Amino acid sequence: MDQSVAIQETLAEGEYCVIAVQGVLCEGDSRQSRLLGLVRYRLEHGGQEHALFLYTHRRMAITGDDVSLDQIVPVSRDFTLEEVSPDGELYILGSDVTVQLDTAELSLVFQLPFGSQTRMFLHEVARACPGGSNFDGLRPNGKGVPVDQSSRGQDKPESLQPRQNKSKSEITDMVRSSTITVSDKAHILSMQKFGLRDTIVKSHLLQKEEDYTYIQNFRLFVGTYNVNGQSPKECLRLWLSNGIQAPDVYCVGFQELDLSKEAFFFHDTPKEEEWFKAVSEGLHPDAKYAKVKLIRLVGIMLLLYVKQEHAAYISEVEAETVGTGIMGRMGNKGGVAIRFQFHNTSICVVNSHLAAHIEEYERRNQDYKDICSRMQFCQPDPSLPPLTISSHDVILWLGDLNYRIEELDVEKVKKLIEEKDFQTLYAYDQLKIQVAAKTVFEGFTEGELTFQPTYKYDTGSDDWDTSEKCRAPAWCDRILWKGKNITQLSYQSHMALKTSDHKPVSSVFDIGVRVVNDELYRKTLEEIVRSLDKMENANIPSVSLSKREFCFQNVKYRQLKIESFTIHNGQVPCHFEFINKPDEESYCKQWLNANPSRGFLLPDSDIEIKLELFVNKTTATKLNSGEDKIEDILVLHLDRGKDYFLSVSGNYLPSCFGSPIHTLCYMREPILDLPLETISELTLMPIRIGDDGSQLESPMEIPKELWMMVDYLYRNAAQQEDLFQQPGLRSEFEHIRDCLDTGMIDNLSASNHSVAEALLLFLESLPEPVICYSAYHNCLECSGNYTASKQVISTLPTFHKNVFHYLMAFLQELLKNSAKNHLDENILASIFGSLLLRNPAGHQKPDMTEKKKAQEFIHQFLCNPL
């Protein structure tokens, strides 16, 4: 957890906390906790200097109120920070770093925790020391000041001479020895080449975890609440703390925090602060809590709190989001997650809001799978692959999962509820049915549902929905878990809260967490290091690959293809990584990915590598034109070992997705019926070809594929509710793509939402947007002037101009049915503004002002005659 924020709150203007680390001040037999902050400050003459600010503090500094300044130590020329230890002390990788701080006035000794934060802290202090700005690895010397590596070999003042002028090979040998002294530790930990030994130690520690840990139960509260866009109107203690012991950890999730279009398209909302404050005030009054993390994706928010006395044992906190809304990225649906280490147990908390409507259970299943596959967390060690949800010891999954009760009419459902026959009702619950079919939440557990459905109520009451739609009651709001040593103590809804059309749900768990016994940990660590020293260091890592040639046949646009192989390691632990070939920026082409692309193998172990091929808007055009092919060579590198070469080949089936507008206008036949040479020639044709009296075959005014999709929607979806706001099914997109690319439009059978999303994906895939890049800035400048805006459109190439007018006419037709489809000019302008009017390729992402101007530009054409 970043404690520099707490320090920053105490600093004056012009002072900045670069980094902070929590340590222990050692004075004789006394041990006192201190927070060390490296602070940069400006001088009156314009320069800048650094100082170490030493704070007394609570166990985990959350705000400025938690720290008290003890003393300030300027980082001046007489400042040294040297790693020290008693002579002959055994060096153990993974143990604390002991450093001695000396100036002309004082001498202090600190113990700093092993890990990346201490390495970074020492690195930043080294850079701050006078003469230490060219840091290349912390090498302790006579004065404790890092040597300037750029001047290696040149004459230096005696005070800056290193203690031992070791060669690189001598240093490596020293690391392999367990008699290395702590004074060399910071240098070891800062050097990339020592990562292998570190990883081996960590891997063995994980295997022997039971030797130095014990299980201790902690109480976790998990809550979920769909607030239907409302602001908090009631005290949340009835939900969060009534009738329970003070939990050690709170995991509190919200959905539909804000339903406004501004929140949907621009992600800003005042509701975040309102509900955060309401939760903070509703936590259990018998304990003090620290907020660990808040993460939000549009209306999906997750809060993590811990009792302040536990905050020091929370580490490796990461948070991520996955949007599963329209085009697979809009955040009106999706998930947010926070992962962290609590003592020695890894925990991942996921809050999700899945697709709505009773018939859409397949899309809910798809949303769940997307969240699982796309949610990834960076590890502290950058050489290791990202963590996924499933790689944690404990997983807590909460949210509005939106699974409904099927096959029963509304009155039958209400009758069973009135009779409190929840067991019979539960048999018709979609989530139960899907879990039983092993399509979602495999391996997860849910407690017995002993409370009535939590959706849908008339807001402000306990009455079932009396609106025109009269939604059937359903258990939309759920909490599930996965892992060992988990006991659910309660699972309930909270009928007293009436702010929303949902009722909040909570569950309290006792979770057995692995707590480290420090003495046993040190003993285990010593044994591991000693055993490693017996390893034959001269051995070179060697692996065998189950396969080295991979052929991907008939690759299609946005269709994932996977080929797998296994790496079997020999008798030497090794790091492996796919590395860049000379003069290339990545280890593979953009359409390919190796998962994992790097990792670590213990002796005689295996790992499966998946080669994932996926062609998207970025790569499709060059594959269509033949400028790129499904061909690549991957280089698998072993640290201290040899390289292995893997060949990838295959063929891509050209698609209208990723083809330029003018190219498609000249393709009177389906793209898959044309020779590859013709497709290549038309794709590479200049954009203005249709405006100069070209002698090519007479083109169509707009691409036939665009007409097919728009015509389908015009005939079938003019009154479709939530059109362009609700995603379709991936399988249906693949069917639509194939119908367009083969010209078999009569076979098209898909939901209106899937066709609408395919239209948006088509527009997104155009290498040159409908409004050409060259006109982008002119459009923004005249976004408030309709006459000037029409003039800009008139300058577009003929085919682009035709497409723009065709789309605007279609959208105006949809707006005539707004009473049924609930579309308005603002919604359509926001969706199509970002697709038709795109920032020139290679430029930075548009800021909020540009997005709003693009929306205003399109808005004019929706509200005025064309």
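Residues numbered from 1 in each chain as written. Predicted model: local features only at pLDDT ≥ 70, side-chain atom pairs only at ≥ 80, totals over all residues. Heavy atoms only, no water.

Things to note about unusual backbone geometry
In most cases, non-glycine residues show a negative phi, while peptide bonds are predominantly trans.
Phase 1 of the analysis: Tyr455 connects to Lys456 through a cis peptide bond whose omega is 5°.
Phase 2 of the analysis: Relative to the helices and strands, Lys456 is located in the loop between helix H13 (430–436) and strand E18 (477–483).
Phase 3 of the analysis: Of note, the bond from Asn595 into Pro596 is cis; its omega dihedral lies within 30 degrees of zero at -5°.
Phase 4 of the analysis: With respect to the element layout, Pro596 can be found in the loop between strand E25 (592–595) and strand E26 (598–601).
Phase 5 of the analysis: Residues other than glycine seldom take positive phi values, yet Glu256 does so here, at roughly 50°. (Helix = DSSP H or I, 4+ residues; strand = E, 2+ residues; numbered from the N terminus.)

Concerning helix H19 (residues 730–742)
Residues lying three or four places apart along an α-helix face the same way, a consequence of the helix completing one turn every 3.6 residues.
Phase 1 of the analysis: Spanning 13 residues, H19 covers 19 Å between terminal C-alpha atoms, matching the ideal 18 Å at 1.5 Å per step.
Phase 2 of the analysis: Buried within H19 are the following residues: Glu732, Phe733, Ile736, Arg737, Cys739, Leu740 and Asp741.
Phase 3 of the analysis: Where the residues of H19 are buried, they touch helix H18 (704–716) and helix H20 (752–765). (Expected span 1.5 Å × (residues − 1). Buried < 20%, exposed > 50% of the residue type's maximum accessible area, 1.4 Å probe, protein only. Contact = heavy atoms within 4.5 Å.)

Things to note about the packing of helix H23 (residues 798–815) against helix H25 (residues 825–836)
Phase 1 of the analysis: At a minimum axis separation of 11 Å, H23 and H25 run at an interaxial angle of 160°. Classed by the angle they form, the pair H23 and H25 counts as roughly antiparallel. The two elements H23 and H25 cross, and the hand of that crossing is right-handed. Two secondary-structure elements touch here, H23 through Phe804, Leu807, Met808, Leu811 and Leu815 and H25 through Glu825, Leu828, Phe832 and Leu836. (Axes fitted to C-alpha atoms, helices over the stretch in contact; angles between N-to-C directions. Parallel < 35°, antiparallel > 145°, perpendicular 65-115°, else oblique. Left-handed = near helix turned anticlockwise from the far one by under 90°.)

Observations regarding the packing of aromatic side chains
Phase 1 of the analysis: Counting across every chain of the model gives 30 aromatic pairs.
Phase 2 of the analysis: Their ring planes at 80° and their centres at 6.1 Å tell us that Tyr225 and Trp275 sit as a pair that is edge-to-face. Placement of Tyr225 in strand E8 (residues 213–226) and of Trp275 in helix H9 (residues 271–282) is noted, with a sequence separation of 50 residues between them. Of the two residues, Tyr225 and Trp275, neither departs from the other in class, the shared state being buried.
Phase 3 of the analysis: Over the ring of Phe276 we find Lys291; its NZ or CZ atom is 5.1 Å from the centre of that ring. (Phe/Tyr/Trp six-rings, centres within 6.5 Å; stacked < 30°, edge-to-face > 60°. Lys NZ or Arg CZ within 6 Å of the ring centre and 35° of its normal.)

Some details on the nonpolar core
Phase 1 of the analysis: In terms of nonpolar packing, the biggest core is built from 106 residues, with Phe724, Leu763 and Ile771 touching the most fellow members.
Phase 2 of the analysis: With nine residues, H23 is the single largest residue contributor to this core.
Phase 3 of the analysis: Dropping the residues within four chain positions of it, Phe724 is found in contact with Ile326, Leu713, Ala756, Leu759, Leu760, Phe810, Leu811, Leu814, Leu828, Ile831 and Phe832.
Phase 4 of the analysis: Counting 45 residues, the second largest nonpolar core, distinct from the first, contains Ile314, Phe340, Leu398 and Phe422. (Core = buried A, V, L, I, M, F, W, Y, C linked by side-chain atoms within 4.5 Å.)

So, the sheet that holds E25
Phase 1 of the analysis: Sheet architecture is open: four strands sit in the order E21-E23-E27-E25, paired in antiparallel fashion. On the outer flanks of this sheet lie strand E21 (543–545) and E25, each paired with one strand and no other. Ignoring strand direction, the axes of neighbouring strands in this sheet form an average angle of 25°.
Phase 2 of the analysis: Sheet topology note: the E21/strand E23 (residues 561–569) ladder contains three bridges and is antiparallel. Among the inter-strand pairings, Leu545 is bridged to a residue of E23, identified as Ile567. (Pairing = 2+ DSSP bridges.)

What about the side chain of Ser680?
Phase 1 of the analysis: Mapped onto the elements of the fold, Ser680 is located in helix H17 (residues 676–683).
Phase 2 of the analysis: Overall, Ser680 belongs to the buried group, its relative accessible area being 19%.
Phase 3 of the analysis: Contact partners of Ser680, with chain neighbours within four places excluded, come to Asn624 and Ser625.

Quick word on the pattern of salt bridges
In a structure, side chains of opposite charge can pair up when their charged atoms sit close to one another.
Phase 1 of the analysis: Summed over the entire model, instances satisfying the criterion amount to 27 salt bridges.
Phase 2 of the analysis: Lys415 is the salt-bridge partner of Glu419, the closest N and O atoms lying 2.6 Å from each other.
Phase 3 of the analysis: The network of salt bridges with shared partners includes Glu209, Glu210 and Arg514. (Salt bridge = Lys/Arg side-chain N within 4 Å of Asp/Glu carboxyl O.)

A closer look at the pairing of strand E1 (residues 15–27)
Phase 1 of the analysis: As paired strands, E1 and strand E2 (residues 30–42) are joined by 12 bridges and run antiparallel to one another. Within E2, the position partnered with Gly23 by the bridge is Arg34.
Phase 2 of the analysis: Here E1 folds back onto E2, and the loop between the two strands holds two residues, one of which, Gly28, carries a positive phi near 65°.
Phase 3 of the analysis: In this sheet, strand E7 (residues 107–112) lies alongside E1 in antiparallel orientation, the contact comprising three bridges. Counterpart to Val24 in the pairing with E7 is Gln111.

Focus on the sheet that holds strand E29 (residues 643–652)
Phase 1 of the analysis: Read from one edge to the other, the open sheet built from five strands follows the order E22-E29-E28-E24-E26, with strand pairing classed as mixed. Strands at the two margins of the open sheet, each flanked by one partner only, are strand E22 (549–555) and E26. Taking each pair of neighbouring strands and ignoring which way they run, the sheet shows an average axis angle of 20°.
Phase 2 of the analysis: Relative to E29, E22 is paired through five bridges, and the arrangement is parallel.

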